[in-house]
Amino acid sequence: MTPVNLIEATKVYCRLFFDQSCRCLFCGQTQSHQVCPSCLVLLARLDGPLCRCGLHHPAGSPDGGIPAPLCGRCLRQPPPFTASQAPLHYSFPLDRLIGRYKYRGDLVAERGIEQLLADTPCPWPDMDALCALPAHWRRRWQRGFDQSQRLTDRLASLWGMPSLTALTRQQATPMQQGLSRRQRRRNLHGAFACTRPVTGLKLLLVDDVMTTGSSARAAAECLLRHGATEVRVWTLARTRER
Ligand SMILES: [Zn+2]
Ligand SMILES: [Zn+2]
């Protein structure tokens, strides 16, 4: 890097820090939080009774009670995890915030996400430990960090629970978009490996977003195969449709 580029890079970083650290990430209003109170109430929440897959189910329990009932799709292919929950709907503008963080490594966006986490109670404090649904090392290297692991560690400290690094992703999963359910499953076959003993543990698998749930299924299957007694899933956001 030339000295000029270094100066420019420093300027960009400083601008980012001084301009955005005191502005709402959504509306740009100057204030003391990353997400201002007016924008916070606009984020779509996924309240209400839930199926095991984390989507609405009229017979479900609003507080994530176990056992969760099964929707038609889950009845046909029951998820290996016993429940899943996400506080927020993955839609505009939250999708932009998560994208900024995940794909551009924007640490100001991470502070916004941490603010959202601070308002989120643990739905199942009876679980033994949190476990990140990890990215493949190549993706982690490209991004410079693993957002699921950072999210898990943050939640572990907020919720006062241990964070157990028990999974690795052995294959860089090809893009899942546009693939059928069966193709997604095939892509994820053998994608995860268990790297430490989990026998007898009730584990809460953590990720940023759940879309089809295929990765969560594969990771939960791996943990259960290695002796975990139960796996539930928590993600910051979830798409409404699969
Ligand atoms: Zn705002
Ligand atoms: Zn379901």
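This report concerns the structure included in the present document. (Residues numbered from 1 in each chain as written. Chains lettered and ligands numbered in written order. Predicted model: local features only at pLDDT ≥ 70, side-chain atom pairs only at ≥ 80, totals over all residues. Heavy atoms only, no water.)

### Some details on the overall build of the protein
Working step 1: The secondary structure content of the protein amounts to nine helices and seven strands.
Working step 2: For the protein, the proportion of its 242 residues judged to be buried stands at 49%.
Working step 3: Residue pairs at least 24 apart in sequence account for 72% of intrachain contacts in the protein once pairs closer than 6 positions are excluded.
Working step 4: Counting only carbon and sulfur atoms, one obtains 55% of the accessible surface of the protein, whose full area is about 12,600 Å². (Helix = DSSP H or I, 4+ residues; strand = E, 2+ residues; numbered from the N terminus. Buried < 20%, exposed > 50% of the residue type's maximum accessible area, 1.4 Å probe, protein only. Contact = heavy atoms within 4.5 Å. Areas by Shrake-Rupley, 256 points an atom, 1.4 Å probe, with all protein chains shown as cover.)

### What to know about the packing of aromatic side chains
Working step 1: One pass over the structure, following the stated rule, counts one aromatic pair.
Working step 2: For the ring pair Trp159 and Trp234, a centre distance of 5.5 Å and an interplane angle of 90 degrees mean the geometry is edge-to-face. In this pair, Trp159 is assigned in helix α7 (residues 147-159) and Trp234 in strand β7 (residues 230-238), connecting sequence segments 75 residues apart.
Working step 3: Relative accessible area serves as the criterion here: at 1%, Trp234 is assigned to the buried category. (Phe/Tyr/Trp six-rings, centres within 6.5 Å; stacked < 30°, edge-to-face > 60°.)

### A look at α7
An α-helical turn contains 3.6 residues, so a residue and the one three or four places further along point in the same direction.
Working step 1: With 13 residues, α7 extends 18 Å from end C-alpha to end C-alpha; this agrees with the ideal 18 Å at 1.5 Å per step.
Working step 2: Among the residues of α7, those classed as buried are Gln147, Ser148, Leu151, Thr152, Leu155, Ala156 and Trp159. Viewed end-on, α7 has its buried residues packed into an arc of 170 degrees, placing them on one side of the element.
Working step 3: Against the buried residues of α7 lie α4 (94-104), α5 (107-118), β3 (129-132), α6 (137-143), β6 (202-210) and β7. (Expected span 1.5 Å × (residues − 1). Arc of directions from axis to C-beta.)

### Structural notes on the coordination of the zinc ion (ligand 2)
Six octahedral donors around a metal ideally make angles of 90 or 180 degrees; four tetrahedral donors ideally make 109.5 degrees.
Working step 1: The coordination sphere of the zinc ion (ligand 2), as far as protein atoms go, consists of Cys51 (SG), Cys53 (SG), Cys71 (SG) and Cys74 (SG), spread over 2.2 to 2.4 Å.
Working step 2: Note that the zinc ion (ligand 2) binds four donor atoms; their angles at the metal cover 104 to 124 degrees, and the shape is tetrahedral.
Working step 3: Sequence positions of the donors to the zinc ion (ligand 2) reduce to the motif C-x1-C-x17-C-x2-C. Of this pair, Cys53 sits in the loop between α2 (37-40) and α3 (72-76) while Cys71 sits in the loop between α2 and α3, and the two are 18 residues apart along the sequence.
Working step 4: With relative accessibility at 3%, the residue Cys53 sits in the buried group.
Working step 5: For Cys71, a relative accessible area of 16% corresponds to the buried category. (Donors = N, O, S within 2.8 Å, 3.2 Å for Na, K, Ca; no water. Tetrahedral: all angles 85-135°; square planar, octahedral: opposite > 155°, others 65-115°.)

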